There are 2 protein chains.
Amino acid sequence: MQPAQDELDPTRAIAELASHLDDEDATTNARALAEIFQNLEPDDLALALESLPLEKRLAVWQQIPQDEQLDVLVAMRGEARLLLLRQLSQEELHELFDEIDSEDLIELAETVPDAVVDMALGRMDEQQRKYFEMAQQFPEESVGRWLNHDILMVSQNTRVADALRMLRREAPDYTEVLYLVDRTGRWAGCTRINRLLSAQPHQNVAELKEEDYPSLLADDDMYEAAEEVERSSYIALPVLSKDGVLLGRLDVGTAMDLLREQAENQLMASAGLAEDADLFAPVKRSAQTRAVWLGINLITAFMASWFIGLFEATIQEVVALAVLMPVVASMGGIAGSQTLTLIVRGLALGQISAANFNALLLKELRVGALNGVLWALVIGIVAAVWFDSVLLGLVIGAAIVANICAAAASGVLIPVVLDKLKLDPALSGSVILTTVTDVIGFVAFLGLGTLILV
Amino acid sequence: MQPAQDELDPTRAIAELASHLDDEDATTNARALAEIFQNLEPDDLALALESLPLEKRLAVWQQIPQDEQLDVLVAMRGEARLLLLRQLSQEELHELFDEIDSEDLIELAETVPDAVVDMALGRMDEQQRKYFEMAQQFPEESVGRWLNHDILMVSQNTRVADALRMLRREAPDYTEVLYLVDRTGRWAGCTRINRLLSAQPHQNVAELKEEDYPSLLADDDMYEAAEEVERSSYIALPVLSKDGVLLGRLDVGTAMDLLREQAENQLMASAGLAEDADLFAPVKRSAQTRAVWLGINLITAFMASWFIGLFEATIQEVVALAVLMPVVASMGGIAGSQTLTLIVRGLALGQISAANFNALLLKELRVGALNGVLWALVIGIVAAVWFDSVLLGLVIGAAIVANICAAAASGVLIPVVLDKLKLDPALSGSVILTTVTDVIGFVAFLGLGTLILV
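This structure is a prediction, so every number in the text was calculated from the model and none was measured. (Residues numbered from 1 in each chain as written. Chains lettered and ligands numbered in written order. Predicted model: local features only at pLDDT ≥ 70, side-chain atom pairs only at ≥ 80, totals over all residues. Heavy atoms only, no water.)

## Here we look at the overall build of chain A
Scanning chain A for helices and strands turns up 21 helices and six strands. A compact globule built from 454 residues should have a C-alpha radius of gyration of about 22 Å, whereas chain A, at 29 Å, is more than 25% larger. Dimensions of chain A, computed from the C-alpha atoms along their principal axes, are close to 90 × 65 × 50 Å. For chain A, the residues scored as buried account for 58% of the 454 residues in total. Taking all contacts inside chain A whose residues are at least 6 apart in sequence as the whole, residues at least 24 apart take part in 67%. Surface summary for chain A: the accessible area is close to 19,000 Å², and the carbon and sulfur share equals 53%. (Helix = DSSP H or I, 4+ residues; strand = E, 2+ residues; numbered from the N terminus. Rg over C-alpha atoms; globule rule 2.2 N^0.38 Å. Buried < 20%, exposed > 50% of the residue type's maximum accessible area, 1.4 Å probe, protein only. Contact = heavy atoms within 4.5 Å. Areas by Shrake-Rupley, 256 points an atom, 1.4 Å probe, with all protein chains shown as cover.)

## Section: the nonpolar core
Core analysis: the biggest nonpolar cluster contains 102 residues, and B:Trp61, B:Leu96 and B:Phe97 have the highest contact counts within it. Sequence-distant contacts of B:Trp61, that is, excluding residues within four places in its chain, are made with B:Leu49, B:Gln69, B:Val72, B:Leu73, B:Leu84, B:Leu88 and B:Leu96. If you look at the next biggest cluster of nonpolar residues, it comprises 80 residues, including A:Ile315, A:Ala335, B:Phe311 and B:Val327. (Core = buried A, V, L, I, M, F, W, Y, C linked by side-chain atoms within 4.5 Å.)

## Comments concerning the relation of the copies chain A and chain B
Placing chain A over chain B gives an RMSD of 0.1 Å and needs a rotation angle of 180°, together with 0.0 Å of translation along the axis. On this basis, the relationship between the two copies can be described by a two-fold rotation axis. By residue overlap, the copies meet face to face through one surface: 100% of the interface positions of chain A are interface positions in chain B. (Least-squares fit on C-alpha atoms with pLDDT ≥ 70 in both.)

## Section: the packing of helix H14 (residues 222-231) of chain B against helix H15 (residues 252-269) of chain B
Residue and element names in this part refer to chain B. Where H14 meets H15, the closest approach of the two axes is 9 Å, and the angle between their N-to-C directions is 125°. Judged on the interaxial angle alone, H15 and H14 are oblique. Two packed elements cross with a definite hand, and for H14 against H15 that hand is left-handed. For the pair formed by H14 and H15, the contact residues are Met222, Tyr223, Ala226, Glu227, Val229 and Glu230 on the first element and Val252, Ala255, Leu258, Leu259, Glu261 and Gln262 on the second. Here the contact of H14 with H15 is built from residues that sort into eight nonpolar, one polar and three charged. (Axes fitted to C-alpha atoms, helices over the stretch in contact; angles between N-to-C directions. Parallel < 35°, antiparallel > 145°, perpendicular 65-115°, else oblique. Left-handed = near helix turned anticlockwise from the far one by under 90°. Nonpolar A, V, L, I, M, F, W, Y, C, P; charged D, E, K, R; others polar.)

## Comments concerning the sheet that holds strand S3 (residues 187-192) of chain A
Residue and element names in this part refer to chain A. Strand order in this open sheet of three strands is S1-S2-S3, and the pairing throughout is mixed. Every other strand in the sheet has two partners, leaving strand S1 (153-155) and S3 as the edge strands with one partner each. Each strand axis lies, on average, 35° off the axis of its neighbour in the sheet, ignoring direction. Direction of pairing for S1 relative to strand S2 (residues 177-181): parallel, over a ladder of three bridges. Bridge pairing links valine 154 to leucine 180 in S2. (Pairing = 2+ DSSP bridges.)

## A look at the environment of B:Ala225
Residues and elements named next belong to chain B. Along the chain, alanine 225 turns up in helix H14. Exposure remark for alanine 225: the relative accessible area of 1% places this residue in the buried category. Separated by 33 residues in sequence, alanine 225 and leucine 258 have C-alpha atoms that sit 9.5 Å apart. If sequence neighbours within four positions are ignored, alanine 225 has contacts with Val143, Leu216 and Leu250.

## Some thoughts on the pairing of strand S5 (residues 236-240) of chain A
All names here are of chain A. Burial analysis of S5 places five of its five residues in the buried class, which makes it a mostly covered element. Each parallel crossover has a hand, and the one from strand S4 (residues 216-217) via helix H14 (residues 222-231) to S5 is right-handed. As judged from the five bridges shared by S5 and strand S6 (residues 246-251), these two strands associate in the antiparallel manner. Looking at S6, one finds that leucine 240 is bridged to leucine 246. Adjacent in sequence and paired antiparallel, S5 and S6 are bridged by five residues, among which glycine 244 carries a positive phi angle near 90°. (Right-handed = clockwise from strand over helix to strand, strands pointing away.)

## Brief notes about the domain arrangement of chain A
Partitioning chain A into structural domains gives domain 1 (5-87), domain 2 (153-269) and domain 3 (283-453). If you average the C-alpha positions of domain 1 of chain A and of domain 3 of chain A, the two centres end up 46 Å apart. (Domains from an automatic or database assignment.)

Below you can see the structure in the form of structure tokens.
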């Protein structure tokens, strides 16, 4: 038996794809692609499509078997998906959405134009449309939107023999537990299916139920809920309405998708990019989205310049100050971003509260002071030797200590304040921090220079 | 039935913990802690412990029921775990490791001193020690280290009735599939347990097996394997030796832990921090680890300064150049980091190869050129008005275009080259990039200034 994992590697698949795309012979091309596609899961295919330049995507897409196209589309990132959909004809869209279910449409609805969502809704069966409308009633980032409805509910009074019979008949995709409900549909606990196998046929399923089985509320934040699924040892957690009615479950697959999305979001946000930014988005579109971030940074850069401008006369007299300015700013920026990153992770993990804030601030200030003094010595000596001026060494040393300590305090305060204001500290934290460390660094260095060196 | 999710929230638990720690009355204290702990999973307890200042951790740790301590320790991040272990006595360690299994020890062995690992090995039972030694034979970041051995293997010739009897007797934790093996232990496929329920008792389990069930090799990279588990629709994938012998499985829980570790690693590495850095590591220890990164950045900052120093005479004549320097450097740095971040994500997803490299570079250069020209206009006009000099506006505009284009090219090239050299682009990419954009920015701006303005 040959392990199949080699053929699943998307990087290799992409390289093969690309080489076949250069082929002149269209028939070999199509046949070769079909062969590669057979060995790829929809997620791999989505990754592979995203890695192709825009103009090649449609051709490859059309080689994907029709019954897999929707899964691949759902697995793609938002921007890539939108760009592909724009290239499809109305007819192709009609066929694509022919058997779409509620969960897939919810995923798509985030990025796809309303007209397309309406078209898909029109082609959906009654039950799925009901699920979709129910999901839409929950807040945007809540668990209620990501419910899995494929769930085997039984009355808590069911006998083991009957439960086994239902299991055989329904044959649900996942088989870890039965979900028990009371007469009003309220969740009453879960029974592991392997316990059913060794139980007596006349026993009641409720007698076998697990103790302290955790559950989620449909209104819970989806990322926090995903982390709860991850931390729990179960492969899905039941999701309840406010009244305790069992609505569905959040499974580990969806939870992983949500957590990966969140992690990507953090990474991308730190550079002012959209979480779903496409590798090959059209040039104008990319330039536009990035321009916003550049503009915000320009304002902060001009602010720093304005502060430098206050010391024009000093710089003219002691040019060494202009030469060394980047050192002061950069050391503050780096030290601050180290603290900021640690705090952003702590906030994401729910580890930072009023209870430990003071201790944290104090500790970061101490670390800052220690590193500030250490590097002040090094930089002071280098500057003094380079420009043959002990006073210049003292000025830059003092500025470094001040800036690194200020950076440590800002690194704690800025993300915590942003978080309190319900703003994402991963997104705007570093711009604000850099502005603060730039301004403090320049003013401390040039200000001290004016007082001592001029 | 009350949903239990409120009590699982680690942030709340931490706040409660902390308030009880300030209590004077030690008995109430212990009782209150015990009550909170009852409602927390080991992962939550680990998060809560990590969020406490160092000096409070031992006291809280000692209130955790002994049979849960090991699980909590395993769930903690490396540095926090190490710092806690150092505070425990030999006796406490002995008790802690009394029933440790292979998987837990492998997790611990990454951060714990060898003497402690040896002690734990001495207390381990035969079978677990064998698993541990087997795991150690695989490369450090391979799947072989993270095998789950709790797996129900049956011969492929087993009848359904016998398989069901084994299931009842063994009652494994997970019940999605049976793993079939041939007489030499080679993996022969998987059969879903829910298919057994509806099959005839005399049928052979091999007749019911799933088609194209994927598998992993023990030598595979653990992060790539974790992504395969995530992308597959199964809750675990079988792991095979090179000869196809079934060794164990990689389950979705372990896969999620690995992927979260990787995401954290990326976030922390971008600030030169260790992935497992503790929120409350001792000041000296923190200062030391961060000093390395500050030192590296200092070298690059001095390099930038040295280039500025080449233009001392120019700056003395046109001080406006010193005032505007940060604008040129900052715009290049931001534009470059946007490209870098996009490419780092693409590399992590395996989306970048020789096949699309050229197209990617071209696209980023185009985006850079467009944004370069746009912001050159804005900045040029502001500078010209501010310092009342059209020539200065032209100089800074040209420098901006040059620096943003160079930044785009570097943002693609630097991470790809680092990746080829097997270095982590998330770790060193941004330092190298900033150095390049600083130097190019300063040289272009001050150089053009020297040519045109002096």
